[in-house]
Amino acid sequence: MDRLDRPEQHSRNLERHVAGRTGITTPSVMVGGKVYRVYQPETADALIDEAEFDRDERLPYWADLWPSSIALARHVSGMDLSGKRVVEVGCGVGLPAMAALTNGAEVTVTDHYEAALDFALHNARENTGCSFAAAMLDWRVPETWRDATEAGRFDVLLGADVLYEPRNVEPLADVVEALLTPEGEALFADPGRREAGKFLEEMGRRGFESEATVRTVEGEPEVRSTIHRLYRS
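Note that the structure is predicted; figures quoted are calculated from it, not measured.

**Let's talk about the sheet that holds strand β5 (residues 85–88)**
Working step 1: The seven strands are arranged β7-β6-β5-β8-β9-β11-β10 in an open sheet whose pairing can be described as mixed. Where the open sheet ends on each side, the last strands, each with one partner, are β7 (133–136) and β10 (208–217). Going from strand to strand, the sheet's axes swing by 20 degrees on average, the running direction of each strand aside.
Working step 2: Where helix α3 (residues 67–76) meets the sheet, it contacts β8 (154–160), β9 (180–190), β10 and β11 (223–232), and its direction lies at approximately 110 degrees from that of β10.
Working step 3: Running at roughly 140 degrees to β9, helix α7 (residues 169–179) makes contact with β5, β8, β9, β10 and β11 of the sheet.

Below you can see the structure in the form of structure tokens.
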């Protein structure tokens, strides 16, 4: 579902997505020498929908700006992405994708929540003056992957703090294989969850090598996040 044909609508939708439940806050984050003002819901827990949780245990993880997202964005800001096709899975409010866009990439953002896409698209336009392509992506529904890859596969795949549950390990591995070019690489930022280790093992069984870089995100307390780079042997 490409949303570039309605650039103002997703901005109007921000208030609709949080109306009556929480407000919108705009923290500033320094990434690669540039300050990004990130629009996000003020309280993510206020967006929990009991019906959605009963249906597929869905929680609004997208609504927080996680330290791993900041770590991945700062890592991406040091990469030369000119002419590269980049996709972020589970994009949330889209900070790593914005860093890729700033560095010259052609970027697509994907998420399971329509609200996440609206916030990410709004953030891109406000912070870079440009926009992303965007697609709804359910890791368990291969038909949705075709929307993301309509223009072809990607050189770089990004994911920040997307490994919360064991049930997502194999579906996410399937998505990486489906979206990346044969020579492409995936970058996942994770604070050390057990599921990340299981994911790396699964990708190893599928013929992927991995390298790790540890980054520290300032705060109270400071958070260490590991950037895992995956590529085919």
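Continuing now.
**What to know about the pattern of salt bridges**
Working step 1: As enumerated under the stated definition, the model contains ten salt bridges in all.
Working step 2: Of the charged contacts in the structure, one is a salt bridge between glutamate 177 and arginine 206, with a shortest N-O distance of 2.8 Å. Here glutamate 177, found in helix α7, pairs with arginine 206, found in the loop between α8 (194–205) and β10; they are 29 residues apart in sequence, far enough to count as distant.
Working step 3: A network of salt bridges, in which partner residues are shared, links Asp174, Glu177, Glu202, Arg205 and Arg206.

**Focus: the nonpolar core**
Working step 1: Trp62, Leu95, Val107, Val109 and Phe132 are the most contacted members of the largest nonpolar core, which totals 48 residues.
Working step 2: For this core, the elements supplying multiple residues, two or more each, are α1 (9–18), β2 (28–31), α3, α4 (95–102), β6 (106–111), α5 (114–128), β8 and β9.
Working step 3: In terms of residues, this core owes the most to one element, α5, which gives seven residues.
Working step 4: Excluding its chain neighbours within four sequence positions, the residues that come into contact with valine 107 are Val86, Ala97, Ala100, Leu101, Phe132 and Ala133.

Conventions we followed
Residues numbered from 1 in each chain as written. Predicted model: local features only at pLDDT ≥ 70, side-chain atom pairs only at ≥ 80, totals over all residues. Heavy atoms only, no water. Pairing = 2+ DSSP bridges. Helix = DSSP H or I, 4+ residues; strand = E, 2+ residues; numbered from the N terminus. Axes fitted to C-alpha atoms, helices over the stretch in contact; angles between N-to-C directions. Contact = heavy atoms within 4.5 Å. Salt bridge = Lys/Arg side-chain N within 4 Å of Asp/Glu carboxyl O. Core = buried A, V, L, I, M, F, W, Y, C linked by side-chain atoms within 4.5 Å. Buried < 20%, exposed > 50% of the residue type's maximum accessible area, 1.4 Å probe, protein only.

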